[in-house]
Every structure is written in structure tokens, then in C-alpha cells.
Amino acid sequence: MSKQALRERVWDDLEASGVARFPFPPHGRIPNFAGAAEAADRLAERPEFVDAQTIKCNPDAPQRPVRRRALEAGTTLFVAVPRLSEPECFLELIQGPLPGLPEPLHSLQAGSVQFGSSPQ
């Protein structure tokens, strides 16, 4: 099975099972899905994640919990600028939670652009 055929199958399954979340349809993108936070929890338990000093993560909504877990762990986090639309197409995000916020704002897509810095 080709990579594209596998993608199509996953997108179809997410939509048919009802676990796909906004934006709809899930096709042609990194799909948002019910259970993304639980998947991030499982990822955060993996030795590769625990031992990582640097992680590259996409800015898409389903990876928000992954970004939050990495930042809370003090891991250096690089996130692509949405649609790689800027000359400096990756941002190094501020580590750790921002005081007074229930979730690190910079783990959100919009916060990545506001609080991130281009790697030197």
C-alpha cells in the first residue's frame, strides 16, 4: 500500500468512525481527532520522548497536547510556521508554562507565532 493510499484510508476511517474533529473533512491535512490528548500522554511515556532534548512538532491542533507536554518537560521545541509561510520557517518556542495561564499559551498555534523566536 502506498503512503498516499494509507493516508486516504486513515482519513476515511476517522471520518466514518466519528472521531474526526474540526476542521472537516480530515482529508488532506494532519487530522484533528478525539483522543489526541490521550495519544500525547502515551507518546510522553515513550523513552524516546522522555530522553529527547529537542523535538520538532507541527503547529496543527491535534499536536497541541504534544507541544504542551514537551514545553512542560523543558524540552527545546521547534514548530513550523503555519504553511511554512515565512522565510524563517521554524520557531524555537519558550520552554515551560507561562505564569497565570492554565495551559502554556505558546503551545497553541497562534501563541507559537507570538512567543516563538527564530533559531539562531
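(A) Summary view of the overall build of the chain. Each helix and strand in the chain was counted, giving 5 helices and 3 strands. Walking the chain from its N terminus toward its C terminus, one meets helices and strands in the order α-α-α-β-α-β-β-α. Going through the 120 residues of the chain one by one, you find that 30% of them count as buried. When the accessible surface of the chain is split by element, carbon and sulfur atoms take 54% of a total near 7500 Å².

(B) Representation of a negative patch on the surface. On the surface, a cluster of negative charge is contributed by Glu 8, Asp 12, Asp 13 and Glu 15. The exposure class assigned to Glu 8 is partly exposed, which follows from its relative accessible area of 32%.

(C) The arrangement of the sheet that holds strand β3 (residues 90–93) in detail. With mixed pairing, 3 strands are arranged side by side in an open sheet as β1-β2-β3. In this open sheet, the two edge strands, each paired with only one partner strand, are β1 (54–57) and β3. Each adjacent strand pair in this sheet contributes to an overall mean axis angle of 25 degrees, direction not counted. Note: strand β2 (residues 76–80) against β3, 4 bridges, orientation antiparallel. If you follow Ala 80 over to β3, its bridge partner there is Phe 90.

(D) Helix α2 (residues 36–45), seen in detail. By the burial criterion, the buried members of α2 are Ala 36, Ala 40 and Ala 44. Viewed along the axis of α2, the buried residues span an arc of 80 degrees, placing them on a single side of the element. In α2, the exposed positions angled more than 90 degrees off the buried face are occupied by Arg 42 and Glu 45. Structurally, α2 contributes buried residues whose contacts are with α3 (47–51) and α4 (64–72).

(E) Main features of the pairing of β1. Of the two faces of β1, only the one carrying Ile 55 and Cys 57 is buried; Thr 54 and Lys 56 on the other face are not. Here β1 runs beside β2; their pairing, made up of 4 bridges, is parallel. Paired with Thr 54 across the bridge in β2 is Thr 76.

(F) Structural view of α4. Listed in full, the buried residues belonging to α4 are Pro 65, Val 66, Arg 67, Ala 70 and Leu 71. Two residues or fewer after α4 comes Gly 74, characterised by a positive phi angle close to 80 degrees.

(G) Summary view of a nonpolar patch on the surface. Together, Met 1, Leu 6 and Val 10 make up an exposed nonpolar region whose accessible area comes to about 310 Å². Summarising the element assignment, Leu 6 is placed in helix α1 (residues 3–17). The exposure class of Leu 6 is partly exposed, given its relative accessible area of 41%.

(H) Fine view of the nonpolar core. In terms of nonpolar packing, the biggest core is built from 13 residues, with Phe 49, Ile 55, Val 66, Ala 70, Leu 77 and Leu 93 touching the most fellow members. Only α2, β1, α4, β2 and β3 provide two or more residues apiece to this core. If you tally residues by element for this core, the top one is α4, at 3 residues.

The rules behind the values
- Per chain, the residues get numbers from 1 upward, laid out in the order the sequence is written.
- The model is predicted, so local features are restricted to residues of pLDDT at least 70 and side-chain atom pairs to those at 80 or more, both for listing and for counting; the totals for chains, interfaces and linings are taken over all residues.
- As a rule here, side-chain values cover all heavy atoms of the structure and leave hydrogens and water aside.
- The helix and strand labels rest on DSSP assignments: H or I over at least four residues marks a helix, E over at least two residues marks a strand, and numbering proceeds from the N terminus.
- Only protein chains enter the accessibility calculation, which uses a 1.4 Å probe. A residue is then buried if its area is under 20% of the maximum for its type, exposed if over 50%, and partly exposed in between.
- Working definition of accessibility: Shrake-Rupley area with a 1.4 Å probe, residue cover restricted to the visible protein chains.
- Surface patches are drawn from residues lacking salt bridges whose relative accessible area is over 30%; two like charges belong together within 9 Å, two nonpolar side chains (Val, Leu, Ile, Met, Phe, Trp, Tyr) within 5 Å.
- What counts as a salt bridge is simple: a side-chain nitrogen of Lys or Arg found within 4 Å of a carboxyl oxygen of Asp or Glu.
- In this tally, Asp and Glu contribute negative charge and Lys and Arg positive charge; neither His nor the terminal groups of the chain are included.
- All charge positions are set by atom: Lys at NZ, Arg at CZ, Asp at CG, Glu at CD.
- Pairing between strands requires that DSSP locate at least two bridges from one strand to the other.
- Comment: axis = line fitted to C-alpha atoms, over the contacting stretch for helices; angle = value between 0 and 180 degrees taken between N-to-C directions.
- Summarising the geometry, the arc corresponds to the directions from the helix axis toward the C-beta atoms.
- Every residue pair with non-hydrogen atoms within 4.5 Å of one another is taken to be in contact.
- Side-chain atoms within 4.5 Å link the members of a nonpolar core, which is a set of buried Ala, Val, Leu, Ile, Met, Phe, Trp, Tyr and Cys residues.

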